[in-house]
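Given next are the chains, with one letter for each unit.
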Amino acid sequence: MLAPFSLWWFIFLFLVVGGLLLCRRLFRNRSRRAKCLFIAAVSLFTLVYWILYKVALSMDPEFEFIFWAELPLHLCNVCMILAAIAAWKDIRILQGVCYFGCSIGAVLAVLTP
């Protein structure tokens with residue numbers, strides 16, 4: 001767990017912002033379809049990683065796995081699924097929800113752990 005406002009927290013924040021700026025620079029002159037495919041691939045990777053994490057967590061004998069508590073009902077989990085669908089199918093309304101609603105939620109999660 002990262003302690004808020006520690007050195008590692010600032011390093012992580014710097015890496016995230018740097019990664020976002022790098023993606024923006026790399027995709028500046030690309031087509032909209034290329035950008036959507038990249039976002040869909042990253043979202044799909046994140047979704048598969050999340051599923052594998054939950055499966056591995058359920059196999060841990062020390063962790064009390066409750067199915068109903070592990071459903072994707074948190075804002076980040078719902079946005080992860082919506083972002084993959086919005087980018088893959090190029091649905092503008094879902095992209096707007098992900099951009100405005102999920103971005104604000106993610107920034108708040110990072111700034112106020």
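Treat the numbers as computed from the prediction; the structure is a model and nothing was measured.

Visitor: Before we go on, may I ask you to explain the overall build of the protein in this structure?
Guide: Helices and strands together make up the secondary structure of the protein, namely four helices and zero strands. Secondary structure elements of the protein occur, N-terminal to C-terminal, as α-α-α-α. Expressed along its principal axes, the backbone C-alpha trace of the protein runs to roughly 50 × 35 × 20 Å. The 113 residues of the protein split such that 19% are buried.

Visitor: Sorry, what's going on with the packing of helix 2 (residues 32–59) against helix 3 (residues 75–89) here?
Guide: Helix packing for two helices is described by the angle between their axes and how far apart those axes are. Following both chains from N to C, one finds helix 2 and helix 3 inclined at 145 degrees, their axes separated by 8 Å at the closest point. Regarding helix 2 and helix 3, the two cross each other, and that crossing is left-handed. For the pair helix 2 and helix 3, the contacting residues are Arg33, Cys36, Ile39, Ala40, Ser43, Leu44, Thr46, Leu47 and Trp50 in the first and Asn77, Met80, Ile81, Ala83, Ala84, Ala87 and Trp88 in the second. The class makeup of the residues in the contact of helix 2 with helix 3 is 12 nonpolar, three polar and one charged.

Visitor: Quick question: what am I supposed to make of the environment of Tyr99 here?
Guide: The topology assignment puts Tyr99 in helix 4 (residues 92–111). Remark: the alpha-carbon pair of Tyr99 and Cys79, spanning 20 residues in sequence, is separated by 9.4 Å.

Visitor: Sorry if this is basic, but what is going on with the environment of Val110 here?
Guide: In this fold, Val110 is placed in helix 4. Sequence-distant contacts of Val110, defined by excluding residues within four places in its chain, comprise Trp9 and Leu13.

Visitor: Is there a simple way to explain the confidence of the model for the protein in this structure?
Guide: Any residue range with low pLDDT should be treated as having predicted coordinates unsuitable for detailed reading. Predicted confidence across the protein gives a mean pLDDT of 80, with 91% of residues reaching 70 or more. When pLDDT is averaged over each element of the protein, helix 1 (residues 7–26) comes out on top at 88 and helix 3 at the bottom at 78.

Visitor: What is the right way to read a nonpolar patch on the surface from this model?
Guide: Taken together, the side chains of Leu7, Trp8, Ile11, Phe14 and Leu15 present a nonpolar region at the surface, about 620 Å² in accessible area. Note that Trp8 resides in helix 1. The exposed category is assigned to Trp8, whose relative accessible area is 59%.

Visitor: Can you walk me through the packing of aromatic side chains in this structure?
Guide: In total, this model carries four aromatic pairs according to the counting rule given. Relative to Trp9, the ring of Phe5 lies with its centre 4.7 Å away and its plane at 55 degrees, an arrangement referred to as tilted. Assessed through its relative accessible area of 55%, Phe5 is described here as exposed. Since its relative accessible area comes to 5%, Trp9 is described here as buried. Where Trp9 meets Phe10, the ring centres are 4.9 Å apart and the plane angle is 85 degrees; that geometry is what we call edge-to-face. A residue is classified by how much of its surface remains accessible, and Phe10, at 43% relative accessible area, is partly exposed.

Definitions and limits used
Numbering of residues begins from 1 in every chain and follows the order in which that chain's sequence is written. Local features in this predicted model are restricted to residues whose pLDDT is 70 or higher, and side-chain atom pairs enter the listing and the counts only when it is 80 or higher, whereas totals over whole chains, interfaces and linings include all residues. Remark: hydrogens and water are excluded; side-chain values derive from all non-hydrogen atoms of the structure. Numbered from the N terminus, helices here are DSSP runs of H or I no shorter than four residues, and strands are runs of E no shorter than two. Only protein chains enter the accessibility calculation, which uses a 1.4 Å probe; a residue is then buried when its area is under 20% of its type maximum, exposed when over 50%, and partly exposed in between. For helices, the fitted line uses only the C-alpha atoms of the stretch in contact; every axis is such a line through C-alpha atoms, and the angle between N-to-C directions lies from 0 to 180 degrees. Take the far helix as your reference; a near helix turned counterclockwise from it by less than a right angle gives a left-handed crossing, and one turned clockwise gives a right-handed crossing. In what follows, a contact means two residues having at least one pair of non-hydrogen atoms within 4.5 Å. Residues were grouped as follows: Ala, Val, Leu, Ile, Met, Phe, Trp, Tyr, Cys and Pro as nonpolar; Asp, Glu, Lys and Arg as charged; and all remaining residues, including Gly, as polar. pLDDT is a per-residue confidence score from the predictor, ranging from 0 to 100. Within the patch definition used here, like charges are joined within 9 Å and nonpolar side chains (Val, Leu, Ile, Met, Phe, Trp, Tyr) within 5 Å, considering only residues with over 30% relative accessible area and no salt bridge. Each accessible area is a Shrake-Rupley result for a 1.4 Å probe, and residues are judged covered by the shown protein chains and nothing else. By definition, a salt bridge exists where a carboxyl oxygen of Asp or Glu is found within 4 Å of a side-chain nitrogen of Lys or Arg. Each pair of aromatic rings taken from Phe, Tyr and Trp, with Trp reduced to its six-membered ring, is defined by centres within 6.5 Å and is described as stacked if the planes are under 30 degrees apart, edge-to-face if over 60, and tilted in the remaining cases.

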